[in-house]
Amino acid sequence: MNENPDALHREVEQLRRAMETRPVIDLARGALMASFSLNRHDAWNVLVTVSQHSNSKLHQVAEHVLGSINGEPLPRPLQKQLAAALAPFRTKPDTPPDKLNAPTTPPDTCEASTE
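Because the structure is a prediction, the values reported are computed rather than measured. (Residues numbered from 1 in each chain as written. Predicted model: local features only at pLDDT ≥ 70, side-chain atom pairs only at ≥ 80, totals over all residues. Heavy atoms only, no water.)

J.: Pulling in residues and values, what's your account of the overall build of the chain?
T.: When you go through the chain residue by residue, the secondary structure sums to four helices and zero strands. Reading the chain from its N end, one meets helices and strands in the order α-α-α-α. By the burial criterion, 23% of the 115 residues in the chain qualify as buried. For the chain, contacts bridging at least 24 residues in sequence account for 48% of all contacts bridging at least 6. About 9,300 Å² of surface is accessible on the chain, with carbon and sulfur atoms providing 53% of the total. (Helix = DSSP H or I, 4+ residues; strand = E, 2+ residues; numbered from the N terminus. Buried < 20%, exposed > 50% of the residue type's maximum accessible area, 1.4 Å probe, protein only. Contact = heavy atoms within 4.5 Å. Areas by Shrake-Rupley, 256 points an atom, 1.4 Å probe, with all protein chains shown as cover.)

J.: I'd like a rundown of the pattern of salt bridges, residues and numbers included.
T.: Per the stated rule, a full pass over the model turns up four salt bridges. Between R16 and E20 there is a salt bridge; the shortest N-O distance is 2.7 Å. Within this pair, R16 and its partner E20 are both found in helix α1 (residues 5–36), separated by four residues, close to a single helical turn. The class for R16 is partly exposed, based on a relative accessible area of 37%. With a shortest N-O distance of 3.2 Å, D26 and R22 are connected by a salt bridge. A residue pair is termed a helical-turn pair when its members lie 3 or 4 positions apart in one helix, as D26 and R22 do in helix α1 at four residues. Relative accessible area serves as the criterion here: at 39%, R22 is assigned to the partly exposed category. Overlapping salt bridges, with partners in common, bring together E13, R16 and E20 in one network. (Salt bridge = Lys/Arg side-chain N within 4 Å of Asp/Glu carboxyl O.)

J.: So what about unusual backbone geometry? Which residues, and what values?
T.: Here the phi dihedral of S37 falls at roughly 55°; this positive angle occurs in a residue that is not glycine. Mapped onto the elements of the fold, S37 is located in the loop between α1 and α2 (40–54). Located in the positive-phi region is N55, a residue other than glycine, with phi close to 55°. Along the chain, N55 turns up in the loop between α2 and α3 (58–69). You can call N55 exposed: its relative accessible area is 74%.

Keep in mind these values describe shape, not function.
The structure is reproduced here in structure tokens:
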């Protein structure tokens, strides 16, 4: 295994950066999981989608997500991308089965007999 020293140096640098940025990404993923009831895979996909569609580094998106937990506003472009990425996971309020396709008129009522 005779690899180019420059290639090895680049790989080491990439691994070092990954190790430095991983904790913030994991925290942001956990925040999304807790806030929006996502699983690990879905939270990861949300972060990646926002990163790709906002042309931002993944760790920068994660830092902004964590900052928003501390009251810092998300940049407007990230707000839009995050809302779009989360849209498929948002649930509508449950409609009780007895209210589905319910008639618009009240049901017939029987008058009590006075026997």
